[in-house]
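# Breakdown of the fold
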Amino acid sequence: MHQLASRLRRLPPSCGPVRLIGIDGHAGSGKSTFAGRLAGALGGAPVLHLDDIASHEELFAWTGRLLTEVIEPFRRGESARYAPYDWRERRFGPPRPLPAAPVVLIEGVGAGRRALRPHLACLLWLETPREEAWARGRSRDGEEQREFWDGWVRAEERHFAEDPSRPHAGLLVRELSEGYEVLPGPLGDAGGHLDVTHREGPPALW
């Protein structure tokens with residue numbers, strides 16, 4: 001993980017002074033866990049979770065808000081401020097700062113969407129089959145979220161049919177029994193900027 005982190009640090013800035021790293025994949029594929037571990041390897045890099053940007057009414061129609069609240073400030077070299085969504089209260093909370101750090105991770109379904117890719121230094125795709133990922137997510141969230149998941153799956157299928165991310169990934173990330181394997185993505189080795197980190201050690205050694 002530290003080898004991958006060091007290579008991401010060496011990428012050229014992509015959004016003002018920020019190297020914005022997208023982490024995409026199907027819901028339940030392990031994006032949040034991977035992003036947390038990568039952020040730790042990066043010395044505490046900020047992580048923006050797209051679950052905080054989306055809402056019940058806008059599962060995927062949040063591009064304008066993200067561009068206004070996060071991307072545009074970063075392009076000016078300023079810290080961003082965004083209002084995280086509370087999924088239980090069904091409302092947006094008070095603004096939260098997001099510093100324009102050298103590396104910022106943005107993780108969630110749609111992190112590699114067409115409107116964001118020009119601002120990314122690298123796009124990583126969690127290579128978990130969608131049925132496996134969705135089953136994991138359903139199990140995690142329990143029976144009370146069954147109806148939400150039924151609607152989510154249909155919305156995610158529509159999103160990726162219209163705006164796929166995986167074909168544009170520089171790296172594919174596969175979760176192993178211990179650690180991760182990082183392979184060249186369809187884009188081809190992060191567009192030529194990033195060497196490939198193969199099998200990582202167990203998490204306890206990161």
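What this report covers is the structure whose coordinates are included nearby. (Residues numbered from 1 in each chain as written. Predicted model: local features only at pLDDT ≥ 70, side-chain atom pairs only at ≥ 80, totals over all residues. Heavy atoms only, no water.)

Quick look at the overall build of the protein now. Helix and strand counts for the protein come out as five helices and 10 strands. For 206 residues, the compact-globule estimate of 2.2 N^0.38 gives 17 Å, and the protein sits close to it at 16 Å. Referenced to the eigenvectors of the C-alpha coordinate spread, the extents of the protein come out at roughly 40 × 40 × 35 Å. Relative to its 206 residues, the protein shows a buried fraction of 50%. Taking the contacts inside the protein whose residues are at least 6 apart along the sequence as the reference set, 67% of them involve residues at least 24 apart. For the protein, the computed accessible surface area is about 9800 Å², with 48% contributed by carbon and sulfur atoms. Positive and negative side-chain charges in the protein, numbering 27 and 29 respectively, have mean positions lying 3 Å apart. (Helix = DSSP H or I, 4+ residues; strand = E, 2+ residues; numbered from the N terminus. Rg over C-alpha atoms; globule rule 2.2 N^0.38 Å. Buried < 20%, exposed > 50% of the residue type's maximum accessible area, 1.4 Å probe, protein only. Contact = heavy atoms within 4.5 Å. Areas by Shrake-Rupley, 256 points an atom, 1.4 Å probe, with all protein chains shown as cover. Lys, Arg positive; Asp, Glu negative; His and termini not counted. Charge placed at Lys NZ, Arg CZ, Asp CG, Glu CD.)

Look at helix α1 (residues 2-9) against helix α2 (residues 31-41): their axes get within 9 Å of each other, and the N-to-C directions meet at 70°. The orientation of α1 relative to α2 falls into the category roughly perpendicular. For the pair α1 and α2, contact is made by His2, Leu4, Ala5, Leu8 and Arg9 and by Phe34, Leu38 and Ala41, respectively. Across the contact of α1 with α2, the residue classes tally to six nonpolar, one polar and one charged. (Axes fitted to C-alpha atoms, helices over the stretch in contact; angles between N-to-C directions. Parallel < 35°, antiparallel > 145°, perpendicular 65-115°, else oblique. Nonpolar A, V, L, I, M, F, W, Y, C, P; charged D, E, K, R; others polar.)

We now examine the layout of surface pockets. Its volume calculated, the largest pocket comes out at about 720 Å³. What lines the largest pocket is a set of 27 residues, and nearest its centre among them are Asp51, Arg140, Asp141, Phe148 and Trp149. Among the secondary structure elements, those contributing two or more residues to the lining of the largest pocket are α2, α4 (130-141) and α5 (146-162). Considered class by class, the residues forming the lining of the largest pocket number 10 nonpolar, eight polar and nine charged. (1 Å grid on protein atoms, 1.4 Å probe; cavity = no way out; pocket = protein on both sides within 12 Å on 5 of 7 lines; lining within 4 Å. Points joined across faces, edges and corners; volume = space filled by probe spheres on them.)

The next thing to look at is the nonpolar core. The biggest cluster of nonpolar side chains holds 35 residues, and the ones touching the most others in it are Leu20, Leu48, Leu66, Val70, Phe74, Leu98 and Ile106. Only α3 (63-75), β3 (80-82), β7 (103-107), β8 (122-126) and α5 provide two or more residues apiece to this core. No other element matches α5, which puts five residues into this core. (Core = buried A, V, L, I, M, F, W, Y, C linked by side-chain atoms within 4.5 Å.)

So, on to α5. For α5, with 17 residues, the first-to-last C-alpha span of 25 Å sits near the 24 Å given by 1.5 Å per residue. In this structure, the buried side of α5 is in contact with β1 (19-24), β8 and α4. (Expected span 1.5 Å × (residues − 1).)

Glancing now at α3. With 13 residues, α3 should cover 18 Å at 1.5 Å per step; its first-to-last C-alpha distance of 16 Å lies more than 12% under that length. At Glu69, α3 shows its strongest bend, of approximately 30°, with the proline Pro73 following within four residues. Against the buried residues of α3 lie β1, β2 (47-49), β3, β5 (91-92), β6 (96-98) and β7. At the exit of α3 stands Gly77, carrying a positive phi of roughly 80°. (Bend = angle between axes of the 7 residues up to and from the residue.)

All right, on to the pairing of β7 then. Where burial is concerned, most of β7 is hidden: five out of the five residues are buried. Bridge analysis of β2 against β7 gives three bridges, and the strand direction is parallel. For Val47, the partnering residue across the bridge sits in β7 and is Leu105. (Pairing = 2+ DSSP bridges.)

Turning next to the pattern of salt bridges. On inspection of all chains with the given rule, the structure shows 11 salt bridges. Residue Glu78 is joined to Arg76 by a salt bridge in which the shortest nitrogen-to-oxygen separation is 3.2 Å. Assessed through its relative accessible area of 38%, Glu78 is described here as partly exposed. When salt bridges with common partners are traced through the structure, they connect Arg114, Arg117 and Asp163 into a single cluster. (Salt bridge = Lys/Arg side-chain N within 4 Å of Asp/Glu carboxyl O.)

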